[in-house]
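# Chain and residue survey
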Amino acid sequence: MNWSPDRAALRGRVAVVAGATRGAGRGIAAALGEAGATVVCTGRGSSVHPIRSDYQRAETIEETADLVTHLGGTGIPIAVDHLDPDQVQRLAERIRDAHGRIDVLVNDIWGAEKLKGGPAQWNTPVWEHDLDAGLRILRLAIDTHLITSHHLLPLLVDKPGGLLIEVTDGTAEYNASRYRISVFYDLAKVAVNRLAFSQGHELAQHGGTAVAITPGFLRSEMMLDNFGVREENWRDALSPGSVPDYPPAPPGFVLSESPRYVGRAVAVLATDPKRARWNQKSVTSGQLAHEYGFTDVDGSQPDLWRFIGEIVEPGLDANPADYR
């Protein structure tokens, strides 16, 4: 499809992406930058003020901020541990002093990818699951979002029109009837959807909107590493033997999406003057792409969740390309 972002659509708007170091957070920050926003990029991975993280990977918020600026926005990196209320309160004070407000707040904090384990560890019953790891999952997925909202939402409700995005895995409808990996992971992802619903109820009184968004099969840096590929050659992961010493990706990877795709979903919501119609909703990146017409970086519109619901779970046969 022939689609390109409006480079000035969010010029003058201030966004905060909590958890912008990598993955969906970096993709969202980048897409907001594409639209001209000023984006405060927070997280623990920093080249200047590193904070011990659960991943200890090379990606940094400074890289994300540079990408935002390169794409036309203004990127501002600030190292923050969102489990520490004092650090988040200082972040709020710094933003108020520098910008006076927040127009878009994105709660994308996660950090529990290693704790949830791979497929071999999935479906472990709660009585056999490592309790400390399980409780850490909940702290990283839920406590961080609550702490961030508590301190930053006052900057969003100063004037009508603010947008809160909660990033999760699976829509409220999908997760309500399906067990997701483990009791702890299941609870975490259901809770984040509910946070968008409950905070949307509170924000509506101030002219604000809260939406839960889930990407599909996300080609995050960690996911690409799992299959030994890069964004430029990700399709090689679908062919057994194409990447020596790495397992092939599952068939659903053909409908995977870059982190920029869910980022563009956030950006178009932020530019929609009628975004309040989405308040308290739980949606997918693919659903919003079909609603607004934006595309992934390759010009496609992958819709993994619709493919799962219409084809995979009913046991039907269809060409995945029809859902891209």
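In the block above lies the structure referred to throughout.
Residues numbered from 1 in each chain as written. Predicted model: local features only at pLDDT ≥ 70, side-chain atom pairs only at ≥ 80, totals over all residues. Heavy atoms only, no water.

## Some thoughts on a nonpolar patch on the surface
- A surface patch of nonpolar side chains, amounting to about 450 Å² of accessible area, comprises Val 126, Trp 127, Tyr 179 and Val 183.
- In this fold, Val 126 is placed in the loop between α4 (113–116) and α5 (131–156). (Patch = residues over 30% accessible without salt bridge, like charges linked within 9 Å, V, L, I, M, F, W, Y side chains within 5 Å. Areas by Shrake-Rupley, 256 points an atom, 1.4 Å probe, with all protein chains shown as cover. Salt bridge = Lys/Arg side-chain N within 4 Å of Asp/Glu carboxyl O. Helix = DSSP H or I, 4+ residues; strand = E, 2+ residues; numbered from the N terminus.)

## Thoughts on the nonpolar core
- Within the largest apolar cluster, 36 residues are counted, with the highest numbers of intra-cluster contacts made by Leu 32, Ile 165 and Ile 213.
- In terms of residues, this core owes the most to one element, helix α9 (residues 259–271), which gives eight residues.
- For Ile 165, the contacting residues outside a window of four places in its chain are Leu 105, Val 106, Asn 107, Val 211, Ile 213, Val 266 and Leu 269. (Core = buried A, V, L, I, M, F, W, Y, C linked by side-chain atoms within 4.5 Å. Buried < 20%, exposed > 50% of the residue type's maximum accessible area, 1.4 Å probe, protein only. Contact = heavy atoms within 4.5 Å.)

## Concerning α9
- Relative to the 18 Å expected for 13 residues at 1.5 Å per residue, α9 spans 19 Å between its end C-alpha atoms, a close match to the ideal helical length.
- The element α9 is extensively covered by neighbouring structure, given that twelve of its 13 residues are classed as buried.
- Of the residues making up α9, those classed as buried are Pro 259, Arg 260, Tyr 261, Val 262, Gly 263, Arg 264, Ala 265, Val 266, Ala 267, Val 268, Leu 269 and Ala 270.
- As for α9, its buried residues are in contact with α1 (23–34), β4 (104–107), β5 (163–167), β6 (209–214) and α10 (285–292). (Expected span 1.5 Å × (residues − 1).)

## What about the side chain of Ser 300?
- When you line up the elements, Ser 300 lands in the loop between α10 and α11 (304–312).
- Given the relative accessible area of 12%, Ser 300 is considered buried.
- Side-chain polar atoms of Ser 300 contact the side chain of Arg 324, separated by 3.3 Å.
- What Ser 300 contacts, discounting residues up to four positions off in sequence, is Tyr 261, Thr 295 and Arg 324. (Polar contact = N/O pair within 3.5 Å; in protein donor to acceptor, adjacent residues only side chain to side chain.)

## Some points on the packing of α9 against α10
- Here α9 crosses α10 at 50°, and the two axes come no closer than 9 Å. On the basis of the axis angle, α9 is oblique to α10. Judged by the twist between their axes, the crossing of α9 over α10 is left-handed. Counted together, Tyr 261, Val 262, Ala 265, Val 268 and Leu 269 of α9 and Ser 285, Gly 286, Leu 288, Ala 289 and Tyr 292 of α10 form the full contact between these two elements.
- A class-by-class count of the residues in the contact of α9 with α10 yields eight nonpolar, two polar and no charged. (Axes fitted to C-alpha atoms, helices over the stretch in contact; angles between N-to-C directions. Parallel < 35°, antiparallel > 145°, perpendicular 65-115°, else oblique. Left-handed = near helix turned anticlockwise from the far one by under 90°. Nonpolar A, V, L, I, M, F, W, Y, C, P; charged D, E, K, R; others polar.)

## Some thoughts on the environment of Arg 22
- Inspection of the secondary structure puts Arg 22 in the loop between β1 (14–18) and α1.
- Taking the C-alpha atoms as reference points, Arg 22 and Tyr 323, 301 residues apart in sequence, are found 26 Å from one another.
- Dropping the residues within four chain positions of it, Arg 22 is found in contact with Tyr 55, Arg 57, Glu 59, Glu 221 and Met 222.

## Quick look at the pattern of salt bridges
- Counted by the stated rule, this structure contains 23 salt bridges.
- For Arg 96, the salt bridge is made with Asp 158, and the minimal N-O distance between the two is 3.4 Å. Placement of Arg 96 in helix α3 (residues 85–99) and of Asp 158 in the loop between α5 and β5 is noted, with a sequence separation of 62 residues between them.
- Residue Asp 158 is classed as partly exposed on the basis of its relative accessible area, which comes to 46%.

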